[in-house]
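A structural walkthrough
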Amino acid sequence: MSRIVIALGGNALGKTPEEQLELVKDTAKPIVDLIEDGNEVIIAHGNGPQVGMINLAMEVASSEDDAVPSMPFPECGAMSQGYIGYHLQNAIGEELKKRNTKKPVATIVTQVVVDKDDEAFKHPSKPIGSFYTEEECEILRKEKGYDMVEDSGRGYRRVVASPKPVDVVEKETVKALIDSGQVVITVGGGGIPVVEEGNSLKGVPAVIDKDFASEKLAEIVDADYLFILTAVDRVSINFGKPDQLDLESMSIKEAKKYIEEKHFAPGSMLPKVEAAMKFAESKMGRTTIIASLERAKEALKGESGTKVYKSE
Ligand SMILES: Nc1ncnc2c1ncn2[C@@H]1O[C@H](COP(=O)(O)OP(=O)(O)O)[C@@H](O)[C@H]1O
Ligand SMILES: NC(=O)OP(=O)(O)O
């Protein structure tokens with residue numbers, strides 16, 4: 001039996017609430033496979049498209065109708081955690097029932113402490129919401145003052161600050177639930193970013209990278225594995241080129257070399273590899289596996305995915 005923190009990528013959730021409600025039924029299957037095999041599973045997920053959608057919807061609604069109040073960005077993050085968690089816990093609960101496995105599943109609204117002086121606040125880098133054309137991008141820049149970037153040839157997207165996670169506020173609750181055999185969904189969307197002000201925690205407008213937040217959580221709960229589940233079976237070097245090579249494993253030393261050689265795209269594979277290295281480096285025996293959602297079970301047996309490990 002292993003303790004596994006799973007970070008779910010965008011392909012696990014889809015683009016709209018309707019699509020998500022359907023997709024999570026498939027997402028639940030490999031997760032329940034791992035639970036059925038006796039593993040303790042803690043689930044985290046992204047929220048880039050969702051928090052962008054909620055924030056924009058609230059901005060439009062409140063500017064057009066005085067009856068709708070403006071919604072602060074951290075509250076939009078909390079809303080995204082809530083409805084994604086609801087869909088996931090519903091789907092995982094159903095899949096467990098189908099297999100006659102009795103286990104409670106719950107989502108924790110989770111705050112993650114960030115450093116108020118994190119340099120990331122000065123350099124927005126986390127893409128959120130939909131993709132736009134160049135013309136739409138200019139309008140959004142002018143009319144809403146959004147920071148916008150071109151995202152890997154796929155169109156333009158709004159970007160917000162993405163500070164690094166420092167601590168998980170609800171960690172004792174999460175640990176107690178895992179220890180009592182429950183399935184927990186936590187640090188959704190990387191967690192609601194908060195800064196400490198005396199005894200208070202104050203939400204800040206930012207989106208924490210879910211792979212880094214999952215890594216922090218995996219260290220806190222002393223997980224054996226961090227699973228970063230995405231749309232590809234393995235991490236590659238020369239990705240998308242004729243000489244693409246899919247990696248079965250990668251030591252920290254090799255990963256550093258590949259990063260220097262720029263094999264991993266910033267904003268997509270690079271943060272995953274960096275989070276993977278951080279977890280593997282944090283304690284001997286801790287392993288990260290970057291794999292496809294569908295092949296998570298095989299990945300645990302070493303039959304799929306890329307294992308990131310610390311060599312002696
Ligand atoms: N070197 C690489 N190896 C494998 N995939 C890569 C690489 N560089 C970029 N990618 C792309 O990164 C994607 C994963 O990033 P992204 O879609 O942002 O993740 P998420 O699953 O968290 O939403 C992969 O599906 C793949 O298209
Ligand atoms: N919070 C976060 O990392 O979201 P995405 O994975 O959707 O970018």
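Along each chain, numbering runs from 1 in the same order as the chain's sequence is written. Written order decides the labels, with chains lettered from A and ligands numbered from 1. It should be noted that, the model being predicted, local features are given only for residues of pLDDT at least 70 and side-chain atom pairs only at 80 or more, the latter also being counted only at that level, while totals for whole chains, interfaces and linings use all residues.

- The protein carries the name Carbamate kinase in an unreviewed UniProt entry, which gives Senegalia massiliensis as its organism.
- The UniProt entry for the protein carries this comment under Pathway (unreviewed entry): "Metabolic intermediate metabolism; carbamoyl phosphate degradation; CO(2) and NH(3) from carbamoyl phosphate: step 1/1." UniProt positions are given in the numbering used here, feature names are shortened, and annotations may be inferred rather than shown by experiment.

1. So, the site of ligand 2
- Here, nearness is defined through the C-beta atom: a residue counts as near a molecule or strand if that backbone-placed atom lies within 6 Å of it. Taken together, Gly-10, Gly-46, Asn-47, Gly-48, Gly-189, Gly-190, Val-207, Asp-209 and Lys-210 are the residues near ligand 2.
- In terms of residue class, the shell around ligand 2 is made up of one nonpolar, six polar and two charged. In this classification, Asp, Glu, Lys and Arg are treated as charged, Ala, Val, Leu, Ile, Met, Phe, Trp, Tyr, Cys and Pro as nonpolar, and every other residue, Gly included, as polar.

2. Brief notes about the site of ligand 1
- Taken together, 15 residues lie near ligand 1, and Gly-9, Gly-10, Thr-230, Phe-239 and Ser-268 sit nearest.
- Classifying every residue of the shell around ligand 1 gives seven nonpolar, eight polar and no charged.

3. Overview of the pairing of strand 11 (residues 200-203)
- Strands are treated as partners if at least two bridges between them are detected by DSSP. Secondary structure is summarised from DSSP: a helix means a run of H or I of at least four residues, a strand means a run of E of at least two, and numbering begins at the N terminus for each. Both strand 10 (residues 192-197) and strand 11 contribute to a ladder of four bridges, which runs antiparallel. Considered in strand 11, the bridge of Val-194 is made with Gly-203.
- Hairpin connection between strand 10 and strand 11: a loop of two residues separates the two successive antiparallel strands, and Gly-198 in this loop has a positive phi of roughly 65°.

4. Looking at the UniProt feature "domain: Aspartate/glutamate/uridylate kinase" (unreviewed entry) in the protein
- As annotated in UniProt, the feature "domain: Aspartate/glutamate/uridylate kinase" (unreviewed entry) corresponds to residues 3-290 in the numbering used here.
- The span residues 3-290 is 41% helical and 23% strand by assignment, and the distance between its end C-alpha atoms comes to 16 Å.

5. Observations regarding the sheet that holds strand 1 (residues 3-8)
- On the basis of which strands lie adjacent, the open sheet formed by eight strands has the order 3-9-2-1-12-16-17-15 and mixed pairing. Two strands in the sheet have a free side with no partner beyond their single neighbour: strand 3 (105-107) and strand 15 (249-251). Strand after strand, the sheet turns through a mean of 20° between neighbouring axes, direction not considered.
- Alignment of strand 1 against strand 12 (residues 225-230), held across five bridges, turns out to be parallel. If you follow Ala-7 over to strand 12, its bridge partner there is Ile-228.
- By the convention adopted here, residues are in contact when the distance between their C-beta atoms, placed from the backbone, does not exceed 7 Å. Lines fitted to C-alpha atoms define the axes here, with helix axes fitted over just the stretch in contact, and angles between the N-to-C directions of these axes take values from 0 to 180 degrees. Lying over the sheet, helix 1 (residues 17-36) contacts strand 1, strand 2 (40-45) and strand 9 (183-185), oriented at roughly 155° with respect to strand 2.

6. A few points about unusual backbone geometry
- If you check the backbone angles, Asp-222 has positive phi at about 55° while not being a glycine.
- As for its position among the elements, Asp-222 is in the loop between helix 6 (210-220) and strand 12.
- Between the buried cut of 20 or more and the exposed cut of 12 or fewer other C-beta atoms within 10 Å of a residue's own C-beta lies the partly exposed class, and all C-beta atoms are placed from the backbone. You can call Asp-222 exposed: it has 11 C-beta atoms within 10 Å.
- Although it is not a glycine, Lys-262 adopts a positive phi angle of roughly 60°.
- Considering the arrangement of structural elements, one finds Lys-262 in the loop between helix 7 (252-260) and helix 8 (269-282).

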